[in-house]
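Coordinate inspection notes
Residues per chain, in single letters:
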Amino acid sequence: MLGPSAHTDTFARDNLPPVDQWPDFLLDGFDYPDFINAGVELTDRLVEKGMGDHTALIGNGRRRTYKELADWTNRLARALVESYGVKPGNRVLIRSANNPAMVACWLAATKAGAVVVNTMPMLRAGELAKIVDKAQITVALCDTRLMDEMVACAKDSAFLKKVIGFDGTANHDAELDRAALDKPVTFEAVKTGRDDVALLGFTSGTTGVPKATMHFHRDILIIADAYAKEVLKVTPDDVFVGSPPLAFTFGLGGLAVFPLRFGAAATLLESATPPNMIEIIEKYKATISFTAPTAYRAMMKAMDEGADLTSLRIAVSAGETLPGPVFEEWTKKTGKPILDGIGATEMLHIFISNRLEDMAPATTGRPVGGYEAKIVDDEMNELPRGEIGRLAVRGPTGCRYLADVRQGEYVKDGWNLTGDSFVQDEAGFFHFAARSDDMIVSAGYNIAGPEVEAALLAHEHVLECAVIGVADEARGQIVEAHVVLVEGAVGDALMVKLLQDHVKAAIAPYKYPRSVKFVAALPKTQTGKIQRFRLKEGA
């Protein structure tokens, strides 16, 4: 079933789930040679096609052409192999905000045949350690401005041996940059197999225990050759802008893979706030935007105040469901489409979407070409149109967890069960109902309640706590903590701030509880299990 491999470090292939637990892969129309390297296809291949002078990346106040990007990534790949001994199949972690250097490091490591793990800059040492241990990562490339937590992680790690700094600013003056400086601009990229693992996308799930989703070189190209080609109709004249971190597969697709596959340009912002995105759209005449509904609300307000966003031809909304009123206001105000869609780290990117010629408010759309979707009950029986059930999907990409028993929960009878409840209408459109597992989705970030609870419980004044998601107009949901304090502690505004700051210091700051309610006791079953549904009912 699997094609040939170029990996000398066979960890990734050795830890694929058993083939009988894989989803069905529908690969008709997605034909790639036995050996293909995604890093080459997104850089040198464009130069060969005569697009060397086209802008590839915009960031840190400068433009980089495809020829410059190919040369840069070849130098970096040489440094990784010749100076640091990276072997095909080694796992390489990258820690950075969204900037051109992060994209270059990802492409270089991919060219070197490594299995890349992109991570969010907000993660703390403890969170990084879980990822390092799970993937047995030996090398980390880290923006020098973010070294503290990475070094702290490496200090106690049984696996992580090298932390190599790179400069994420325009200066390019750090250890990795210096090692690459004198390298030739040519590099014989590793002839990886199309079925070699190229990327590990980590997702925490509701337990807070990380799962690593395993994606092949072919998968990286498929998401461009399916969704980006069919739905976005990308051309070399497009300029992409967006807010999702490159560490999320949604961001990596929308801000790196899609533009680079078709010779377009990507603008990269370390702080992609709506004002910053508006400035980039106006300055570089961006045509395709990737962000969450909350940002589109802010952008419409800015348009009322004179912002010029007329260059945008498509707004892509994901991360949380797009409310009907936002869809209607955007299309009325701009005359341009706003496309809702749903993707998953397990599937790598969007698999159901509205289209330019086929969209409707308050709907997620129809399956992307190559994918199939249906609504099923707990026994995998397909439900009639109009009934809420579990979303099941299959296509050219799908779930393969790295050595994880949860593979059997996500894949049933060859279908991927995304953990979302949906309904399909008579016209075939899919409508989001809720997260089946009640994951808290706040401003596009997935937040696992138990992880926040664990951070709170580590505080000396917290006796018990339960965390839920509650509706919020601006963010979709916010994290709300219900806290029982130890005897003598006072539940006042100061305590709220103490607990919030404590959580921000313990785990990624975006996970902190924006609402804290002090209670005398938590609702529980007779066996002592906390009844979070009762807290949700109260909220």
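The structure reproduced in this document is the subject of the present report.

**Points about the nonpolar core**
For soluble globular proteins, the rule of thumb is that nonpolar side chains tend to be buried together. Ranked by internal contacts, the top residues of the largest apolar core, which has 93 residues, are W106, L141, L176, L232 and F258. Of all the elements, helix α9 (residues 217-232) adds the most residues to this core, at 10 residues. L141 has contacts with L80, V92, L93, I94, R95, C105, I164, F166 and L176, leaving out every residue within four places of it along the chain. Counting residues in each nonpolar core, the second largest holds 52 residues, with L123, C153, A455 and C465 among its members.

**Notes on the sheet that holds strand β25 (residues 515-518)**
Read across the open sheet, the 3 strands follow the order β23-β24-β25; overall the sheet is mixed. Every interior strand has two partners, whereas the edge strands, β23 (462-472) and β25, have only one. Strand-to-strand, the axes of this sheet are offset by a mean angle of 25°, without reference to chain direction. Here β23 pairs with strand β24 (residues 476-485) via 10 bridges, running antiparallel. Among the inter-strand pairings, D472 is bridged to a residue of β24, identified as G476. The strands touched by helix α16 (residues 493-506) within the sheet are β23, β24 and β25, with β25 carrying the most contacts at an inclination of about 125°.

**Observations regarding the pairing of strand β16 (residues 372-376)**
With 4 of 5 residues buried, β16 lies mostly within the body of the structure. Relative to strand β17 (residues 389-394), β16 runs antiparallel, the two sharing 5 bridges. Counterpart to K374 in the pairing with β17 is A392.

**Some points on the pattern of salt bridges**
Scanning all chains against the criterion turns up 34 salt bridges. One salt bridge connects R394 with D24, and the closest N-O pair in it is separated by 3.0 Å. You can see R394 sitting in strand β17 and its partner D24 sitting in the loop between α1 (11-14) and α2 (38-41), a full 370 residues away along the chain. Judged by relative accessible area, D24 falls into the partly exposed class, the value being 33%. For E230, the salt bridge is made with R355, and the minimal N-O distance between the two is 2.8 Å. Of the two residues, E230 sits in helix α9 while R355 sits in the loop between β14 (350-353) and β15 (366-367), which places them 125 residues apart along the sequence.

**Structural notes on the sheet that holds strand β10 (residues 265-267)**
The 9 strands are arranged β2-β1-β10-β9-β11-β12-β13-β14-β15 in an open sheet whose pairing can be described as mixed. Sheet topology places β2 (62-65) and β15 at the edges, where each strand pairs with a single neighbour. Bridge analysis of strand β1 (residues 55-59) against β10 gives 2 bridges, and the strand direction is parallel. Its bridge partner being in β10, L57 is matched across the sheet by A266. Where helix α11 (residues 274-284) meets the sheet, its contacts fall on β1, β2, β9 (239-242), β10 and β11 (288-291), and the angle it forms with β9 comes to roughly 170°.

**As for unusual backbone geometry**
The phi dihedral of A403 is positive, around 40°, even though this residue is not glycine. Relative to the elements of secondary structure, A403 occurs in the loop between β17 and α14 (407-410). The phi torsion at D413 lies on the positive side, around 50°, for a residue other than glycine. For D413, the position within the fold is in the loop between β18 (411-412) and β19 (415-424). Taking relative accessible area as the criterion, D413 reaches 64% and is therefore assigned exposed.

**Side note on helix α13 (residues 324-334)**
Taken as a whole, α13 has its buried residues at G324, V326, F327 and W330. Taken end-on, α13 shows its buried residues confined to a sector of 165°, consistent with a single buried face. Exposed and oriented more than 90 degrees from the buried face of α13 are P325 and K332. The inward-facing, buried residues of α13 contact α12 (293-304), β12 (314-317) and β13 (338-343). G335 sits one or two positions beyond α13 and adopts a positive phi of about 70°.

**A few points about the packing of α12 against α13**
Two elements in contact, α12 and α13, have axes separated by 11 Å at closest approach and are oriented at 35°. Seen along the crossing, α12 lies across α13 with a hand that is left-handed. Along the contact surface, α12 presents Y296, R297, M299, M300, M303 and D304, while α13 presents V326, E329, W330, K333 and T334. A class-by-class count of the residues in the contact of α12 with α13 yields 6 nonpolar, 1 polar and 4 charged.

**Quick word on the packing of aromatic side chains**
On inspection of all chains with the given rule, the structure shows 12 aromatic pairs. A ring pair is formed by F351 and Y371, whose centres lie 6.4 Å apart and whose planes are at 40°; its orientation type is tilted. With a gap of 20 residues between them, F351 in strand β14 and Y371 in the loop between β15 and β16 connect regions that are remote in the sequence. With respect to class, F351 is no different from Y371; both count as buried. Taken together, Y227, F240, F250, F258 and F290 form an aromatic cluster joined through their ring pairs. Above the face of the F25 ring, R218 is positioned so that its terminal group lies 5.6 Å from the ring centre. The ring of W22 carries the charged tip of R400 above its face, separated from the ring centre by 5.3 Å.

**Quick look at empty space enclosed by the protein**
For the structure shown, the criterion picks out 1 cavity of 30 Å³ or more. Empty space within the largest cavity amounts to approximately 40 Å³. Looking at the lining of the largest cavity, the elements that each hand over two or more residues are β7 (197-203) and α10 (249-261). It is β7 that provides the largest number of residues to the lining of the largest cavity, a total of 3 residues. Among the residues making up the lining of the largest cavity, the classes are represented as 6 nonpolar, 3 polar and no charged.

**Here we look at helix α7 (residues 147-155)**
Burial in α7 covers these residues: M147, M150, C153 and A154. Angularly, the buried residues of α7 cover 130° about the axis, an arc narrow enough to put them on a single face. Across α7 from its buried face, at more than 90 degrees, point the exposed residues D148 and K155. For α7, the secondary structure elements touched by its buried residues are β3 (91-95), α6 (125-135), β5 (139-143) and β6 (162-166).

Rules used in this analysis
Residues numbered from 1 in each chain as written. Predicted model: local features only at pLDDT ≥ 70, side-chain atom pairs only at ≥ 80, totals over all residues. Heavy atoms only, no water. Core = buried A, V, L, I, M, F, W, Y, C linked by side-chain atoms within 4.5 Å. Buried < 20%, exposed > 50% of the residue type's maximum accessible area, 1.4 Å probe, protein only. Helix = DSSP H or I, 4+ residues; strand = E, 2+ residues; numbered from the N terminus. Contact = heavy atoms within 4.5 Å. Pairing = 2+ DSSP bridges. Axes fitted to C-alpha atoms, helices over the stretch in contact; angles between N-to-C directions. Salt bridge = Lys/Arg side-chain N within 4 Å of Asp/Glu carboxyl O. Arc of directions from axis to C-beta. Left-handed = near helix turned anticlockwise from the far one by under 90°. Nonpolar A, V, L, I, M, F, W, Y, C, P; charged D, E, K, R; others polar. Phe/Tyr/Trp six-rings, centres within 6.5 Å; stacked < 30°, edge-to-face > 60°. Lys NZ or Arg CZ within 6 Å of the ring centre and 35° of its normal. 1 Å grid on protein atoms, 1.4 Å probe; cavity = no way out; pocket = protein on both sides within 12 Å on 5 of 7 lines; lining within 4 Å. Points joined across faces, edges and corners; volume = space filled by probe spheres on them.

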